[in-house]
Amino acid sequence: MEAQTGSGNAVGLEDSSQRENQSDSSWQENQPIRANASSSSVASAYFNNKITIPEDQQHPIFSFKKLWAFTGPGFLMSIAYLDPGNIESDLRSGSVAQFKLLWVLMSATFLGLLMQRLSARLGVVTGMHLAEVCYRSYPRVPRLVLWIMVEIAIIGSDMQEVIGTAIAFYLLSDGKIPLYAGVLITIADTFTFLFLDKYGLRKLEGFFAFLILIMVVTFGYEYVMVAPDQPALLRGMFVPFCEDCGPDQVLQAVAIIGAIIMPHNIYLHSALVKSRDVDRTKRDHIQEANKYFFVEAAIALFISFLINVFVTAVFAEGFYGRNITQVYDSCIEREVPHASVFNTTNLEVDIFRGGVFLGCQFGLAAMYIWAVGILAAGQSSTMTGTYTGQFVMEGFLNLKWKRWIRVLFTRSIAIFPTILVASFSGIQDLTQMNDMLNVLMSMQLPFALIPILTFTSSESIMGDFKNGRLMSVFTALLAVLVIGINLFFISVYIHSLPSHWAVYVAVSVLVILYLTFVLYLCLSCLKPRETPYVLSESISGTSLDLDSETPDFGSTANASEFGSTPKTPDFGSTAKTSEFGSTPNASDIGSTPIASDFGSTPNTSEYGSRANSSAVEKDHTKRNTSSQ
């Protein structure tokens, strides 16, 4: 039986005219749920406001008007590809391998686009972001462990952004703003900027676009000033080979991949796409949303790739091959502040030294412009990191904190160790902490890649929109490659730890626990899932509603809560028993059950009954037969 996409309920064998009438009336009754005003203190603008998608009958294949309506989430997502950790990885790549690793950067960005595509499709098709789907699919203990791992990645990224912002303030003030003060400033300015969403979703997205524009202008200025060798740049970008490369270059290539693909960014993108008002009861609307979100993400990541190329090329042309004496003499000649950082025997570069070097080589203006670009990178990624933390906590724990509490909580965890290092050590230790944080986030990557591949390959969750066999195999192999590369990066870092038996024992225990959990996620990926696929936003409104009564998701639901007795849906849509082969349950806003603590299969009412799916309708006869 062919799937019908316009109806919210099963239509059985009714004739086409009845189906059309039922589709119209059902759609009028089943408008997407929106968070009410009571949740405004909790939710970001992304869940309080939704962008309406305009009709454009004159351009049915591709409409720039519709593309503009879908533009926003991809650019916010792309900011994670431009955080201070990525900028430092870029400049080190240019300083140790010149242009030879640009093809690695381009490949990693393309891989990131594929993963972001899966993330956006999950959010569009199910109406839920990745953390919410994890909440409904994993038992309590694995779910909590997964949440902790993602939170570690968020906090690690947060610390990198705080470090980058503090260094930017230090450079702009010629050292008058000490590092610890720059760290503290990030608390106040993050709170200030986050209030921008009170002025509307489009204004918030416009502000992020402005920060990206600042990075384009500042790092583009450095690129034009240095004037890199264009043939060598293109050869390094399109020839996948690293001539005369040693261990340092190989390790840097691994670091590029680890820095580009951020685990928490996959969770973020699946939540951001919920900001568009997509009619999930109509298949063509879902296909359209998937198409435009992919195009927008591709454009956004292309811009981020250009910025990363700018940074790599600047140091590939200006820094590579120079000796410490040349650099230090240039700093003294131009009377550049902080010239003493190059009064050493080893010539190394990081975000701080990179800014000083540009001032020594091309004038003070280059150093200050560099600092402005780093400040924009740190501020934008700090704000998106705060949104990610809120989505992840609410999704995994069904816990709604006011946003200022969430910001204070994450900021405190990230800032406390950074302040200690900044107060009692120096800027050198901040850079070493940045390296450690890159390793930490590389370890968390499987906890985003495995779930997103699991859910987007599941027919019971994605229906006809699940990954094809070729796509599933391709993305799985890429995920294995990325995870393997990051594990290699981690093993190299472990060798730098102190040689003591206690350190080896602790590392061994942690590695065993880590690999055990990764194996569990892989095995659960192979387990068939019976969670029904729906075309509805099952909790997008109520999860952020302070006044709604939400059942205890940590325990098995009783009969009165989710009941086997038929209960009238809250929005007036009557689900037929033939739809899932069982007695109709409460509507999605009435209750949101999950898998029990003991790993039982989630109830079919978990995703609601407001809107039917093409996958369920296609298998309608099969389900009826099995239920009988």
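Everything numeric in this text was worked out from a predicted model, so none of it was measured. (Residues numbered from 1 in each chain as written. Predicted model: local features only at pLDDT ≥ 70, side-chain atom pairs only at ≥ 80, totals over all residues. Heavy atoms only, no water.)

Section: the overall build of the chain
Each helix and strand in the chain was counted, giving 26 helices and two strands. Of all 628 residues assigned to the chain, the portion counted as buried reaches 58%. The contacts of the chain with a sequence gap of at least 6 include a subset with a gap of at least 24, amounting to 82%. Entry remark: accessible area of the chain is about 25300 Å², with carbon and sulfur atoms responsible for 63%. (Helix = DSSP H or I, 4+ residues; strand = E, 2+ residues; numbered from the N terminus. Buried < 20%, exposed > 50% of the residue type's maximum accessible area, 1.4 Å probe, protein only. Contact = heavy atoms within 4.5 Å. Areas by Shrake-Rupley, 256 points an atom, 1.4 Å probe, with all protein chains shown as cover.)

Here we look at the pattern of salt bridges
Following the criterion strictly, the structure yields nine salt bridges and no others. Between Glu132 and Lys274 there is a salt bridge, and its shortest N-O distance comes to 3.3 Å. Of this pair, Glu132 sits in helix 7 (residues 130–137) while Lys274 sits in the loop between helix 13 (263–272) and strand 2 (276–277); the two residues are 142 residues apart in sequence, bridging distant segments of the chain. The exposure class of Glu132 is buried, given its relative accessible area of 3%. Note that Arg353 and Asp350 form a salt bridge whose closest N and O atoms lie 2.6 Å from each other. Given a relative accessible area of 10%, Arg353 falls into the buried group. (Salt bridge = Lys/Arg side-chain N within 4 Å of Asp/Glu carboxyl O.)

Side note on the packing of aromatic side chains
All chains considered together, the criterion is met by 17 aromatic pairs. Here Phe70 and Tyr292 contribute two aromatic rings whose centre-to-centre distance is 5.5 Å and whose plane-to-plane angle is 5°, an arrangement assigned as stacked. Separated by 222 residues along the polypeptide, Phe70 in helix 3 (residues 64–70) and Tyr292 in helix 14 (residues 283–318) bring together distant segments of the chain. Judged by relative accessible area, Phe70 falls into the buried class, the value being 1%. (Phe/Tyr/Trp six-rings, centres within 6.5 Å; stacked < 30°, edge-to-face > 60°.)

Here we look at the nonpolar core
Counting residues in hydrophobic clusters, the biggest one holds 145 residues, and the most contacted among them are Leu146, Phe219, Tyr267, Phe315, Trp370 and Phe396. For this core, the element with the most residues is helix 14, which contributes 16 residues. (Core = buried A, V, L, I, M, F, W, Y, C linked by side-chain atoms within 4.5 Å.)

Digging into the confidence of the model for the chain
Averaged over all residues, the pLDDT of the chain is 75; the fraction at 70 or higher stands at 72%. No element of the chain has a lower mean pLDDT than helix 24 (residues 559–562), which averages 36, and none a higher one than helix 14, which averages 95. Taken together, the stretch residues 1–45 has pLDDT below 50 and engages in 106 contacts with residues farther than four places along the chain or on a different chain. Overall, residues 531–628 carries pLDDT values under 50, and its contacts beyond four positions in sequence, including any with other chains, amount to 229 contacts. (pLDDT = per-residue confidence, 0-100.)

Things to note about the state of the cysteines
Overall, the coordinates contain two disulfides when judged by the stated rule. The disulfide bridge from Cys242 ends at Cys245, spanning 1.5 Å between sulfur atoms. Handedness here is read from the sign of the S-S torsion; for Cys242 and Cys245, about -60°, the answer is left-handed. Residue class for Cys242 comes out buried when judged on its relative accessible area of 19%. What makes Cys245 partly exposed here is its relative accessible area of 26%. (Disulfide = S-S within 2.5 Å.)

Description of helix 12 (residues 247–260)
An α-helix turns once per 3.6 residues; consequently, residues spaced three or four apart project the same way. Here helix 12 spans 20 Å end to end across 14 residues, near enough to the 20 Å set by a 1.5 Å rise per residue. Of all 14 residues that make up helix 12, 10 are buried, and the element is covered over most of its length. Burial in helix 12 covers these residues: Gln249, Gln252, Ala253, Val254, Ala255, Ile256, Ile257, Gly258, Ala259 and Ile260. (Expected span 1.5 Å × (residues − 1).)

A short note on unusual backbone geometry
Of note in this structure, Glu335 is not a glycine but carries a positive phi near 55°. When you line up the elements, Glu335 lands in the loop between helix 15 (324–334) and helix 16 (351–362). A positive phi angle, close to 65°, is found at His338, a residue other than glycine. Topologically, His338 is positioned in the loop between helix 15 and helix 16.

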